[in-house]
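Descriptive analysis of the structure
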Amino acid sequence: MHLITTAPAMTELTQPRLARALSVPVTSEIALVVPLRRPARKHILPHARWGAVAVEDTCLPWSDRDVAAVAAMRRLRSHGFGERMLGESAAPYAVLRAVPARRWPAIFEDWDHLSPYRHVDRWWALALLATKPTRGTARV
């Protein structure tokens, strides 16, 4: 993963740095290159575009809407919802029951916020990577 700027500079991104980079809209001064498959494909850099995130053979624009959706995913993951669970159309009760009922409306709102993204495979894989919990991350 790399962050490229007009400075010019290219910085290797760790997962936490990727999360920070995607917590704001991607501006025309930067380009992100994020291989989603392992082993990483080496031909993604030629697809890089200013103001976008290059993944596999395409570029994804990254706007306020994407930032809000990733924030929703991050909040859901902090409650203990895993990658497979997030792909479901409804929040699994097995995790939901461990969350205080007063927080359920916010969880349902975040869950609905992700609905349009669940079938955009490359966006979804990028968001899962950016929100992957780091070791020692505590549940809310």
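The structure reproduced in this document is the subject of the present report. (Residues numbered from 1 in each chain as written. Predicted model: local features only at pLDDT ≥ 70, side-chain atom pairs only at ≥ 80, totals over all residues. Heavy atoms only, no water.)

A look at helix α5 (residues 104–113)
Of all the positions in α5, only I107, D110 and W111 are classed as buried. Seen from one end, α5 has its buried residues packed into an arc of 100°, which puts them on one side. Structural note: α5 exposes P105, E109 and D112 on the side pointing more than 90 degrees away from its buried face. (Buried < 20%, exposed > 50% of the residue type's maximum accessible area, 1.4 Å probe, protein only. Helix = DSSP H or I, 4+ residues; strand = E, 2+ residues; numbered from the N terminus. Arc of directions from axis to C-beta.)

Focus: the packing of helix α2 (residues 64–78) against helix α6 (residues 121–130)
Across the interface, α2 lies against α6 with an axial gap of 10 Å and an inter-helix angle of 55°. Judged by the angle between their axes, α2 and α6 are oblique. Considering only the axes of α2 and α6, their crossing is right-handed. Together, D66, A69, V70, M73, R74 and R77 of α2 and W123, W124, A127, L128 and A130 of α6 make up the contact between the two elements. Looking at the contact of α2 with α6 residue by residue, the class counts come to 8 nonpolar, no polar and 3 charged. (Axes fitted to C-alpha atoms, helices over the stretch in contact; angles between N-to-C directions. Parallel < 35°, antiparallel > 145°, perpendicular 65-115°, else oblique. Left-handed = near helix turned anticlockwise from the far one by under 90°. Contact = heavy atoms within 4.5 Å. Nonpolar A, V, L, I, M, F, W, Y, C, P; charged D, E, K, R; others polar.)

Describing the sheet that holds strand β4 (residues 52–55)
The 5 strands lie next to each other as β2-β1-β3-β4-β5, forming an open sheet whose pairing is mixed. Edge strands, defined here as strands with exactly one partner in the open sheet, are β2 (9–12) and β5 (58–61). The average undirected angle you get between the axes of adjacent strands in this sheet is 20°. Relative to β2, strand β1 (residues 2–5) runs antiparallel, the two sharing 4 bridges. Along β2, the bridge assignment pairs T5 with A9. (Pairing = 2+ DSSP bridges.)

Structural notes on the environment of L45
Checked against the element boundaries, L45 lands in the loop between β3 (30–33) and β4. Sequence separation between L45 and V34 is 11 residues; the distance between their C-alpha atoms is 9.0 Å. What L45 contacts, discounting residues up to four positions off in sequence, is I4 and V33.

As for the packing of aromatic side chains
In total, this model carries 6 aromatic pairs according to the counting rule given. Their ring planes at 70° and their centres at 5.1 Å tell us that F81 and W111 sit as a pair that is edge-to-face. One end of the pair, F81, is in the loop between α2 and α3 (83–86); the other, W111, is in helix α5, with 30 residues separating them in the sequence. As far as burial versus exposure is concerned, F81 and W111 are alike and both buried. Ring centres of W123 and W124 lie 6.5 Å apart, and the angle between their planes is 40°; this geometry places the pair in the tilted category. An identical accessibility class is assigned to W123 and W124; each is buried. (Phe/Tyr/Trp six-rings, centres within 6.5 Å; stacked < 30°, edge-to-face > 60°.)

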